[in-house]
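# Close look at the chain arrangement
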Amino acid sequence: MTETEYIGKKILLVIAQDQFRDEECFVPKQLFEATGAKVTVAAESTENATGMLGGSIKPDIRLSEARIDDYDAIVISGGSGSKKYLWNNRYLHELVKQADAQKKVVSAICISPVILARTGLLKGKESTVFKSQDTLHELKMHGAVYLDKDVVVSGRIVTGRDPKSADAFGKAVLETLEKL
């Protein structure tokens, strides 16, 4: 990937307002920007968001203001805050459904693939998730096929397992975006 390969590509990076996983936000974001993509960070508000490891970022827009027509891909960061702020967020669920309908790249890492499962996007599809009783139950309940891998690509859907997978996850998102 060269620095100019993704100029003009727009990625919506969704994070929890509090307790997002730092590596799962910052590593892919830096990778996307280094290849020329424009990244817009969205959360519940535009107040500073705080990561589990103490990092912070000021979201560009509120999740309720995001319009999937403006983006080529949606990337949902993980972290313990995902369960509280994102799993049941109706705006996010609608964005995910619209992104899928418009054949865009849809991706999530850590515990956030649960969001994709809850929207029906993972039914019958291979995916990964941070392994816990809750997350595995959610994937199974919504018909996903769980694979114990760092990153799983199923068509236009990319899922990543954990913070150690953040770099491989980001690269898989870019490779999937390149195929569209």
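In this convention, every chain numbers its residues from 1, walking through the sequence in written order. Whole-chain, interface and lining totals are the exception, using all residues; otherwise, since this is a predicted model, local features are given only for residues with pLDDT of at least 70 and side-chain atom pairs are given and counted only at 80 or more. Excluding hydrogens and water, the side-chain values take into account all heavy atoms of the structure.

## Brief notes about the sheet that holds strand β4 (residues 49-51)
Sheet strands pair by backbone hydrogen bonding; their relative direction is either parallel or antiparallel. If DSSP finds at least two bridges between two strands, the strands pair. A run of H or I in DSSP becomes a helix once it reaches four residues, and a run of E becomes a strand once it reaches two; helices and strands are each numbered from the N terminus. Spatially, the three strands line up as an open sheet ordered β2-β4-β5, and their pairing is mixed. Two strands close off the open sheet at either side, each with one partner strand: β2 (18-20) and β5 (56-57).

## Digging into the environment of Gln30
Examined against the element boundaries, Gln30 turns out to sit in helix α1 (residues 22-34). A C-alpha to C-alpha distance of 9.7 Å links Gln30 and Asp167, two positions 137 residues apart in sequence.

## What about the packing of aromatic side chains?
Ring pairs shown here join Phe, Tyr and Trp side chains whose ring centres sit within 6.5 Å, with only the six-membered ring taken for Trp; geometry is labelled stacked below 30 degrees between planes, edge-to-face above 60, and tilted in between. For the structure shown, the criterion picks out one aromatic pair. Ring centres 5.8 Å apart and planes at 75° place the aromatic pair Phe20 and Phe26 in the edge-to-face group. Under the scheme applied here, a residue whose accessible area is under 20% of the maximum for its type counts as buried, over 50% as exposed, and between as partly exposed, the area being computed with a 1.4 Å probe on protein chains only. Judged by its relative accessible area of 22%, Phe26 falls in the partly exposed class. Two conditions define a charge sitting above a ring: the NZ of Lys or the CZ of Arg must be within 6 Å of the ring centre, and it must be within 35 degrees of the ring normal. For the cation-ring pair, Arg90 lies above Tyr91, with the distance from its terminal atom to the ring centre recorded as 4.5 Å.

## Let's talk about the state of the cysteines
Two cysteine sulfur atoms make up a disulfide if the distance between them is within 2.5 Å. In this structure the tally under the stated criterion is zero disulfides. Distance from the sulfur of Cys25, which forms no disulfide, to the nearest cysteine sulfur (Cys110) is 13 Å.

## Things to note about the sheet that holds strand β1 (residues 10-14)
Judged by pairing direction, the sheet is mixed, and its seven strands sit side by side in the order β6-β3-β1-β7-β8-β12-β11 without closing on themselves. Each edge of the sheet is formed by a strand with only one pairing partner; in this case those strands are β6 (61-62) and β11 (151-154). In the sheet, β1 pairs with strand β3 (residues 38-43) via five bridges, with the strands oriented parallel. Within β3, the residue paired with Leu13 across the bridge is Val41. The strands that α1 touches are β1, β3, β7 (73-76) and β8 (105-109); relative to β3, the one it contacts most, it runs at about 155°. For this analysis, residues touch if any pair of their heavy atoms sits within 4.5 Å. Throughout, an axis means a line fitted to C-alpha atoms (over the contacting stretch in the case of helices), and angles, computed between N-to-C directions, take values from 0 to 180 degrees. Here helix α6 (residues 166-179) sits on the sheet and contacts β1, β7, β8, β11 and β12 (157-160); the angle it forms with β8, its principal contact strand, is near 175°.

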